Amino acid sequence: TLFILYSAFSLPTLLMAVIIAFSLSAAVTQPIVSLADATRRVAEGDFSIRILARAGDDLGALVSAFNSMVHDLQSSHAAGLRAEIGMFLGLGREA
């Protein structure tokens, strides 16, 4: 009877622990999956992607740094395109 009593209390506790563990793991892995997807899109040339950052934790700081990096890449890419167009248009006038 003592085993039944322990089982009555330990099984719900174990079930709650498993549910909490899955919830916490999803809360941690979802932003990492979003960051990986955004990284792939930037590698393909999509500099418009931004990720919503969670405030106050290391993952939020990483996401903020990623967003800042993508903004800088977008600016550099646009400046390079403007320079190429300027060179092309400048060469076209000389000919």
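Residues numbered from 1 in each chain as written. Predicted model: local features only at pLDDT ≥ 70, side-chain atom pairs only at ≥ 80, totals over all residues. Heavy atoms only, no water.

**With respect to the overall build of the protein chain**
Then step 1. Along its length, the protein chain carries two helices and zero strands.
Then step 2. Counting only C-alpha atoms, the protein chain reaches 100 × 25 × 10 Å along its principal axes.
Then step 3. Contacts in the protein chain between residues at least 24 apart in sequence constitute 44% of all its contacts with a sequence separation of at least 6.
Then step 4. Looking at the protein chain as shown, the accessible area adds up to about 7400 Å², and 72% of this sits on carbon and sulfur atoms.
Then step 5. In the protein chain, 6 positive and 8 negative side-chain charges are present, and the distance between their average locations comes to 5 Å. (Helix = DSSP H or I, 4+ residues; strand = E, 2+ residues; numbered from the N terminus. Contact = heavy atoms within 4.5 Å. Areas by Shrake-Rupley, 256 points an atom, 1.4 Å probe, with all protein chains shown as cover. Lys, Arg positive; Asp, Glu negative; His and termini not counted. Charge placed at Lys NZ, Arg CZ, Asp CG, Glu CD.)

**Side note on the environment of Ala 78**
Then step 1. Inspection of the secondary structure assignment puts Ala 78 in helix α2 (residues 58-94).
Then step 2. In this structure Ala 78 comes out as partly exposed when scored by relative accessible area, which is 27%.
Then step 3. On a C-alpha basis, the gap between Ala 78 and Val 28 in space is 34 Å, while along the polypeptide they are 50 residues apart. (Buried < 20%, exposed > 50% of the residue type's maximum accessible area, 1.4 Å probe, protein only.)

**Notes on helix α1 (residues 2-43)**
Then step 1. When the terminal C-alpha atoms of α1 are compared, their 61 Å separation across 42 residues agrees well with the 62 Å that a helix rising 1.5 Å per residue should span.
Then step 2. Among all positions of α1, only Ser 7, Pro 31, Leu 35, Ala 38 and Val 42 are buried.
Then step 3. Directly after α1, the chain includes Gly 45, whose backbone phi takes a positive value near 105°. (Expected span 1.5 Å × (residues − 1).)

**Re the nonpolar core**
Then step 1. Core analysis: the biggest nonpolar cluster contains nine residues, these being Leu 35, Ala 38, Val 42, Phe 47, Ile 49, Ile 51, Val 63, Phe 66 and Val 70.
Then step 2. Elements that contribute at least two residues to this core include exactly α1 and α2. (Core = buried A, V, L, I, M, F, W, Y, C linked by side-chain atoms within 4.5 Å.)

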